[in-house]
Amino acid sequence: MRHEPSSSPTTDDDDHPHEECGIFGIFGNADAAAMAALGLHALQHRGQEAAGIVSFDDRHFHTHRALGLVGDNFNSEAVINRLPGARAIGHVRYSTTGETILRNVQPLFADFAFGGMAIAHNGNLTNAYRIRRALVRQGCIFQSTSDTETINHLIAISHYSTVVDRMIDALRQLEGAYSLIALTQRKLIGVRDPLGVRPLVLGRLGDGYILASETCALDIIGATFMRDVDPGEIVIIDADGVHSIKPFAKQASRFCIFEYIYFARPDSTLEGENVYQVRKAIGAELARESHVAADMVVPVPDSGVPASIGYAEQSGVPFELGIIRNHYVGRTFIEPTDNIRHLGVKLKHNANAARLKGKRIVLIDDSIVRGTTSMKIVEMVRSAGAAEVHMRISSPPTAHSCFYGIDTPASDELLAGRMNVAAMAKHIGVDSLAFLSLDGLYRAVGKTKRESAAPQYCDACFSGDYPIRLTDQEEGPIPEQLSLLTERE
Ligand code: SF4
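All figures in this text were calculated on a predicted structure; none of them were measured in a lab.

Draft legend 1. Quick peek at the overall build of the chain. A count of helices and strands for the chain gives 19 helices and 25 strands. Within the chain, the proportion of its 489 residues that are buried is 59%. Here the analysis covers contacts within the chain between residues at least 6 apart in sequence; of these, 69% occur between residues at least 24 apart.

Shown next as structure tokens:
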């Protein structure tokens, strides 16, 4: 999806960067749409604003796309029955700026010279606006504000004959981070960008095959993990099985390291590393780097839990659930009115005062974005009687925006973009504050250190070292909606 750093206010309970999309595809299963709905349900953490499935039944494509959660929209036999066929792809979406409109909800379907094709995309194209402008000049009419549609138009006007060659031709013109799944009349196609920034895995279920953002989507349907799709690889699944091609110039991979810190589900394994284990190792690194005398280690649930376990194991300080999360508060409940929003974090988190009173606590969270949630959590923990609050963050300071498919505020709204660590500690009201070092993060994912000349991961939101050119950003702010009547020059 096309993405600009967000300037919209975050809800008080929700000061985290957001993954923008999750994708799923299945080929060769009689219950393809139902399996896709289950797979998307497992990927719900990657996008809660909208969901869609397109199926193909050997004659026709069928589509259901809707705003809201997977469970609210794909929960009836009637809906699944309207998506017949043994092949399907699906998408969950988190909207960035502006309204979530149905025409932006994926998979996007279009009729091409070679037949119909649906496409689902996780990531962000960094030169899509420039290309889109050129395509509009040539007479292309865009139906959505999604950068994914740019791929469709480039495929449509390509002079190559086969769908795969057209796709390669299109992708060679595009820059950015993307994992794509496409469904044609004969094939299920999965693509990862040449740097492999966003994840994509291949799995097997009976005689069928699955492509998904994370392995947790394979687990839910009982599928077996085969392997990660390689950076720059195109996996083509058809009646003859799985074929692989690598048509792009080989580059060193730069997988998004934030997937391990926060975005991916802890039960997923990505690029050979189990996310839960990495988060525990991150906690252990934090304890080694910035241990402080304390009575208990308390996670900000749920995302701070694995790192807190790792910190507690390494430091010997007991792990306690000093904050309890209410799992029954959904975004739809919190978002609509300021009357509800002002209640803030208490809707979602409550201090376990009986455990916290008089104690020195190490409070662990995964990141600080604007700092709004951290301030309120610290205030809540102090009101519950904690004697000292030492905050430890299981990532380096997030000082830069992401342009590769994660919704982060503009850098001047990021707390770490505006202040140093001492000022941040004062701002959020803690006795001490420490972040994981960049090298500590690399150690937690199994590297000796970050190779500064050729970093092994994308870590641009911490380092400012962007591995893929930000072509559109170089030309100034991108309007959210491209008008067909006016054009930015
Ligand atoms: S900038 Fe940060 S969040 Fe974005 S892809 Fe890179 S590591 Fe991931």
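Draft legend 2. Molecular detail of the packing of helix α9 (residues 275-290) against helix α10 (residues 305-315). Here α9 crosses α10 at 45°, and the two axes come no closer than 6 Å. In terms of orientation, α9 lies oblique with respect to α10. As α9 runs across α10, the sense of the crossing is right-handed. Two secondary-structure elements touch here, α9 through Y276, R279, K280, G283, A284, L286, A287, R288 and S290 and α10 through P306, A307, I309, G310, Y311, E313, Q314 and S315. Taken together, the residues that form the contact of α9 with α10 break down as eight nonpolar, five polar and four charged.

Draft legend 3. Representation of the packing of aromatic side chains in the model. If you walk through the whole model with that rule in mind, you get eleven aromatic pairs. Geometrically, the ring pair formed by F61 and F109 is tilted, given 4.9 Å between the ring centres and 50° between the ring planes. Within this pair, whereas F61 is found in strand β4 (residues 61-67), its partner F109 is found in strand β6 (residues 108-112), the two being separated by 48 residues in sequence. Residue F109 is classed as partly exposed on the basis of its relative accessible area, which comes to 35%. On the numbers, 6.2 Å between centres and 80° between planes, the contact of Y260 with Y457 is edge-to-face. Taken together, the residues span a long stretch of sequence, with Y260 in helix α8 (residues 258-263) and Y457 in strand β25 (residues 457-458) at a distance of 197 residues. Of the residues examined, Y260 reaches a relative accessible area of 0% and is grouped as buried. We classify Y457 as buried; its relative accessible area is 6%.

Draft legend 4. Quick look at the environment of L195. Counting through the fold element by element, L195 comes out in the loop between β9 (188-192) and β10 (201-205). Classification of L195 as buried rests on a relative accessible area of 7%. For the pair L195 and G176, spaced 19 residues apart in sequence, the C-alpha separation works out to 9.1 Å.

Draft legend 5. The site of the ligand, seen in detail. The immediate surroundings of the ligand are formed by 13 residues, with C256, C402, I406, C458 and C461 found nearest. Elements with a minimum of two residues in the shell around the ligand: α8 and α18 (460-463). Its residues assigned to classes, the shell around the ligand shows eleven nonpolar, no polar and two charged.

Draft legend 6. Local environment of the environment of D147. Looking at where D147 falls in the secondary structure, it is placed in the loop between α4 (128-137) and α5 (148-157). For D147 and H121, which are 26 residues apart along the polypeptide, the C-alpha to C-alpha distance reads 9.2 Å.

Draft legend 7. How the structure looks around the sheet that holds strand β22 (residues 388-393). In spatial order, the strands read β18-β21-β22-β24; together these four strands make up an open sheet with parallel pairing. Bordering the open sheet on either side are β18 (296-299) and β24 (432-435), each of which pairs with just one other strand. The sheet shows a mean angle of 25° between the axes of neighbouring strands, taken without regard to direction. Pairing geometry for β22 and β24, over four bridges, is parallel. Its bridge partner lying in β24, I393 is registered against F435.

How each quantity is defined
- Residues numbered from 1 in each chain as written.
- Predicted model: local features only at pLDDT ≥ 70, side-chain atom pairs only at ≥ 80, totals over all residues.
- Heavy atoms only, no water.
- Helix = DSSP H or I, 4+ residues; strand = E, 2+ residues; numbered from the N terminus.
- Buried < 20%, exposed > 50% of the residue type's maximum accessible area, 1.4 Å probe, protein only.
- Contact = heavy atoms within 4.5 Å.
- Axes fitted to C-alpha atoms, helices over the stretch in contact; angles between N-to-C directions.
- Parallel < 35°, antiparallel > 145°, perpendicular 65-115°, else oblique.
- Left-handed = near helix turned anticlockwise from the far one by under 90°.
- Nonpolar A, V, L, I, M, F, W, Y, C, P; charged D, E, K, R; others polar.
- Phe/Tyr/Trp six-rings, centres within 6.5 Å; stacked < 30°, edge-to-face > 60°.
- Near = heavy atom within 4 Å.
- Pairing = 2+ DSSP bridges.

So, to be careful, I would describe these as geometric facts and stop short of saying anything about function.
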